[in-house]
Amino acid sequence: MAAVHRPFGTPSGPSRRTLLRRGTQVALGAAATTALAGCGSGTDDGVGADGRVTIELWHGQTDTGRTAIEKLVAEFNRTHPHIRVDAGGGVLADAMLQKITAALASGSFPDIAYIFGSDLASVARSPSVVDLTDTFHDGPLPWKSFWAPARAAVTLNGQVRAAPALLDALAVVCNRKVFREAGVPLPEPGWTWDEYVETARKLTDRGRGVFGTGWPGVGDEDTVWRLWPMIWDLGGDVVSEDGKHIGFADTGVRALETVAALSRDKSVYIDPKPGSEQMYQVFTSGRMGMVPTGPWQLPDVRQAKIDYHVVPMPTYSGKEMTISGPDTWTVFDNGPARVRAARTFVTWLSQPAHDVQWDIQAGSLPLSRATEELPSWRAQEKRTEGLHVFTKALETARARPVHPAYPQISQALGQAIVSVLLGRSSPAKALRTCADEANAALLIPR
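Now for a description of the structure that goes with this document.

Cut-offs applied
Counting of residues starts from 1 at the beginning of each chain's written sequence and follows it residue by residue. For this predicted model, a pLDDT threshold of at least 70 governs which residues receive local features, and a threshold of 80 or more governs which side-chain atom pairs are given and counted, while totals over whole chains, interfaces and linings are taken from all residues. Only heavy atoms go into the side-chain values, all of them from the structure, while hydrogens and water stay out. Secondary structure elements follow DSSP: runs of H or I no shorter than four residues count as helices, runs of E no shorter than two count as strands, and numbering proceeds from the N terminus. Note on exposure labels: buried denotes an accessible area under 20% of the residue type's maximum, exposed denotes more than 50%, and partly exposed covers the range between, all computed with a 1.4 Å probe on protein chains only. Two residues form a contact once any of their heavy atoms are found within 4.5 Å. Reported accessibility uses the Shrake-Rupley method at a 1.4 Å probe radius. Residues are deemed covered only where the shown protein chains occlude them. One fewer than the residue count of a helix, multiplied by 1.5 Å, yields its expected span. Along the arc lie the directions from the helix axis toward the C-beta atoms. Note on geometry: axes are C-alpha line fits, over the in-contact stretch for helices, and angles between N-to-C directions span 0 to 180 degrees. When an angle is under 35 degrees it counts as roughly parallel; over 145 it counts as roughly antiparallel; between 65 and 115 it counts as roughly perpendicular; any other value is oblique. Each crossing gets its handedness from the near helix: less than a right angle anticlockwise from the far helix is left-handed, clockwise is right-handed. Strands qualify as paired when DSSP identifies two bridges or more between them. We define a salt bridge as a contact between a side-chain nitrogen of Lys or Arg and a carboxyl oxygen of Asp or Glu at a distance within 4 Å. Identification of polar contacts relies on pairs of N or O atoms within 3.5 Å, with a donor-acceptor requirement for protein atoms, meaning one able to donate a hydrogen and the other able to accept it, and with residues adjacent in sequence counted only if both atoms are side-chain atoms. Think of it this way: a Phe, Tyr or Trp ring, Trp meaning its six-membered ring, pairs with another when their centres are within 6.5 Å, and the plane angle makes it stacked under 30 degrees, edge-to-face over 60, tilted otherwise.

## A few points about the overall build of the protein chain
Right, on to step 1. Of regular secondary structure, the protein chain possesses 21 helices and 16 strands.
Right, on to step 2. The burial tally for the protein chain puts 58% of its 446 residues in the buried class.
Right, on to step 3. Considering only contacts within the protein chain whose residues lie at least 6 apart along the sequence, 76% involve residues at least 24 apart.
Right, on to step 4. When the accessible area of the protein chain is evaluated, it comes to approximately 17,500 Å², of which 50% is carbon and sulfur surface.

## With respect to helix 21 (residues 427-442)
Right, on to step 1. Between its first and last C-alpha atoms helix 21 spans 22 Å; for 16 residues at 1.5 Å apiece the expected length is 22 Å, and the two agree.
Right, on to step 2. Taken residue by residue, helix 21 has Pro-427, Ala-430, Leu-431, Cys-434, Ala-435, Ala-438, Asn-439, Ala-441 and Leu-442 as its buried positions. The buried residues of helix 21 occupy one face: seen down the axis, they fall within an arc of 150°. Structural note: helix 21 exposes Arg-432 and Asp-436 on the side pointing more than 90 degrees away from its buried face.
Right, on to step 3. The inward-facing, buried residues of helix 21 contact strand 9 (237-239), strand 10 (246-247), helix 12 (251-264) and helix 20 (406-421).

## A look at the packing of helix 3 (residues 63-79) against helix 16 (residues 352-362)
Right, on to step 1. Two elements in contact, helix 3 and helix 16, have axes whose closest approach is 9 Å; the angle formed by their N-to-C orientations is 160°. With respect to each other, helix 3 and helix 16 are oriented roughly antiparallel. Our pair here, helix 3 against helix 16, has a crossing hand that is right-handed. On helix 16, the residues that touch Thr-64, Gly-65, Ala-68, Ile-69, Lys-71, Leu-72 and Glu-75 of helix 3 are His-354, Gln-357, Trp-358, Gln-361 and Ala-362.

## What to know about the sheet that holds strand 2 (residues 83-86)
Right, on to step 1. Ordered by their spatial adjacency, 5 strands build an open sheet running 2-1-3-15-6, and the pairing between neighbours is mixed. At either margin of the open sheet sits one strand with a lone partner, and together these are strand 2 and strand 6 (163-166). Taken pair by pair, the neighbouring strands of this sheet meet at an average axis angle of 30°, ignoring direction.

## Things to note about the pattern of salt bridges
Right, on to step 1. Under the counting rule described, the total for this entry stands at 14 salt bridges.
Right, on to step 2. A salt bridge links Arg-176 to Asp-307; the nearest nitrogen and oxygen atoms lie 3.4 Å apart. Of the two residues, Arg-176 sits in helix 8 (residues 176-182) while Asp-307 sits in the loop between helix 14 (298-303) and strand 13 (308-311), which places them 131 residues apart along the sequence.
Right, on to step 3. Overall, the relative accessible area of 43% leaves Asp-307 in the partly exposed class.
Right, on to step 4. Measuring nitrogen to oxygen at the nearest pair gives 3.2 Å for the salt bridge that ties Glu-181 to Arg-208. In this pair, Glu-181 sits in helix 8 while Arg-208 sits in the loop between helix 9 (193-203) and strand 8 (213-216), placing the two residues 27 residues apart along the sequence.
Right, on to step 5. Accessibility expressed as a relative area gives 47% for Glu-181, which makes it partly exposed.

## Things to note about the side chain of Asp-168
Right, on to step 1. The residue Asp-168 is located in the loop between strand 6 and strand 7 (171-175) in this model.
Right, on to step 2. Asp-168 gets classed as buried once you look at its relative accessible area, which sits at 0%.
Right, on to step 3. Among the polar contacts made by the side chain of Asp-168, one reaches the main-chain amide nitrogen of Gly-325 at a distance of 2.6 Å.

## Things to note about the sheet that holds strand 13
Right, on to step 1. Taking strand neighbours across the sheet as the criterion, the 3 strands line up as 12-7-13 in an open arrangement whose pairing is antiparallel. At either margin of the open sheet sits one strand with a lone partner, and together these are strand 12 (290-293) and strand 13. Looking at each pair of strands side by side, their axes are set apart by 25° on average, direction ignored.
Right, on to step 2. One ladder, built from 4 bridges, connects strand 7 with strand 13; its direction is antiparallel. Opposite Val-173, over in strand 13, you have Val-310 as the bridge partner.

## Here we look at the environment of Leu-256
Right, on to step 1. Locating Leu-256 in the fold gives a position in helix 12.
Right, on to step 2. Between the C-alpha atoms of Leu-256 and Ala-416, which are 160 residues apart in sequence, the distance is 8.5 Å.
Right, on to step 3. In contact with Leu-256, other than residues within four places in its own chain, are Leu-227, Ala-416, Ile-417, Val-420, Pro-427 and Leu-431.

## Here's the deal with the packing of aromatic side chains
Right, on to step 1. Counted under the stated rule, the structure contains 17 aromatic pairs.
Right, on to step 2. Ring centres of Phe-109 and Phe-332 lie 6.1 Å apart, and the angle between their planes is 50°; this geometry places the pair in the tilted category. Within this pair, whereas Phe-109 is found in the loop between helix 4 (96-106) and strand 3 (112-116), its partner Phe-332 is found in the loop between strand 15 (327-331) and helix 15 (336-350), the two being separated by 223 residues in sequence.
Right, on to step 3. Classification of Phe-332 by relative accessible area gives buried; the value is 0%.
Right, on to step 4. Both rings, one in Phe-136 and one in Phe-146, keep their centres 5.9 Å apart while their planes meet at 70°; by these two values the pair is edge-to-face.

Here is the structure:
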């Protein structure tokens, strides 16, 4: 899913991911009113009488994420006297696609907006989205220094359509106490999905209300993106090479068979609500043995005083495979002066010295190997048990394709996963229904 995180070490409570996706209608309405009134349009070049260019940023953040970006904006404004970034915020990230779509239709849009990676293909269809290929291929930080999923998440048809904004990865967090009480050894790198199923079964104690593992069960992107590394590991892909069919007609069945095994064993807690909060609450209450999650969940795990262990995702092939769900800073064309200023700002944000501030304060993994090598990030890894496992996972992580039909594919696969989790359909039948719907979406001209 589009990944939105908490800063490492913050107190327990709703995660940044949840907060960004769940803001109240009052907050969204107020933010939208302010943002739409405050942003410029293509008719305003943003250049003041003193020659300073003002650009509007819809950062989409709340809570600690908002504090982190506002600190960075203040530092940028201090060190770039000819540019002023107005961090008006726009709307919360979960509503950004809707508001950006409306803003583009009205011709009054910001210069930069925080766009979920899964939404970029839809937004980039607008001619107002700036091509950043030259900006990043010839930028101060070598393009190939960025982790592969960060590059893939902003690239569409060979063009860089946004700047990488935030990075994560999936791994499995285990509760050592639950393992110890069940007499089950902790998993090690290279373990298999069959071992995962067997471990979940052994950890489950229905009499005590203990589950082996958990899975989101509402059919949204949080449900879906956990299956992609399984499909990729089996040799499948989201879209086939011909672009007209899904690329997981066979491998998807095999992955769903693993899900079905968890369901049959009744070893999986199925979270019925969006946001996966209940699933994580079960884990942090000590009633779940292991959960696939991202680094954003470590603060809650630590706050709950869970003695935990982090291990890479299981595998079918013996090769490590995981998924990263990067988000983006997308730049819009409000005239040459404002575009130049926006390019300068997003390039500045991605430089290691500034990226590491965002990573630590807002809960992202490093966007680049250069950031990962900084002493401040290495120190952060030493302070946070298991964090290095997530960072190392970026070496084999993949990102979902930037494809305009992805939302429809995800929706169809989400329903298939839920039907298997709930025992309402076999893996083969669920995947056939998914393929019919997703293939139809792929045939729509875009």
